[in-house]
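What follows is each chain in one-letter form.
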Amino acid sequence: RVFKAFVGGPPGYEELKTVTACATDEDGETLEDSAQASVTVIDSPPSTSAQKEAVPDIVPTQGDTVTFTFRTFNSSDIDNVTLETLVDSEFGDLNGQGNCSVPQVLAPDEAYECSVDVFISGNDGETHVNEYRVAGTSDDGDPLAATAQAIVKIPGQPPAIEIKKIAVPLQ
């Protein structure tokens, strides 16, 4: 026979079961045998991913407001994840900036998104590069982190000259 049963518990928990079979043969003798089986619960490590988007991603040298969107996805199979810090390499701690706030608790397959509007300007040919870093813990206490980058380009502006020709009648 096959027996099925749910087994759960904290990582490392071992469920041990013993099955004993008894029978009587044709001579009336009792026969008995037993066997054991065990199942160990393993830990499924937490995981997250991060994305960062800049819109627009090209601005003129005199500058423009860019909306930076920060996304964090809990890609864990079973663990809830608590996001504890959201940091940008140029803008610092994002908690309280735009609509960003921590802590945030994400169930498996859930995402958190926030955004910040920043005025970006620069010199011809420069790029504004910054990195988003998110850190937190799983509901088992395991640390986790993820990073993502966004780039805003400031292209060179070709020099411009305007010439107007006006005809003036002679008198």
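Structural data are supplied above this passage.
From a predicted model like this one, the values you see are computed outputs, not experimental measurements.

(A) Spotlight on the pattern of salt bridges. All told, the structure shown has five salt bridges when counted by the stated rule. A salt bridge links Lys17 to Glu15; the shortest N-O distance between them is 3.1 Å. Asp88 is the partner of Lys52 in a salt bridge, and the nearest nitrogen-oxygen pair spans 2.4 Å. One end of the pair, Lys52, is in strand 3 (residues 48–55); the other, Asp88, is in strand 5 (residues 81–88), with 36 residues separating them in the sequence. A single burial state applies to Lys52 and to Asp88, both of which are buried. One salt-bridge network, in which partners are shared between bridges, spans Glu53, Arg71 and Glu113.

(B) The arrangement of the state of the cysteines in detail. If you walk through the whole model with that rule in mind, you get one disulfide. Through a disulfide, Cys100 is tied to Cys114; the S-S separation comes to 2.2 Å. Measuring handedness by torsion sign, the sulfur bridge of Cys100 and Cys114 sits at about 90° and is right-handed. Here the residue Cys100 occupies a position in the loop between strand 6 (92–93) and strand 7 (104–106), and Cys114 occupies one in strand 8 (residues 111–120), the gap between them amounting to 14 residues. Among the residues examined, Cys114 registers a relative accessible area of 2% and is labelled buried.

Each value, and the rule that gives it
- Residues numbered from 1 in each chain as written.
- Predicted model: local features only at pLDDT ≥ 70, side-chain atom pairs only at ≥ 80, totals over all residues.
- Heavy atoms only, no water.
- Salt bridge = Lys/Arg side-chain N within 4 Å of Asp/Glu carboxyl O.
- Helix = DSSP H or I, 4+ residues; strand = E, 2+ residues; numbered from the N terminus.
- Buried < 20%, exposed > 50% of the residue type's maximum accessible area, 1.4 Å probe, protein only.
- Disulfide = S-S within 2.5 Å.

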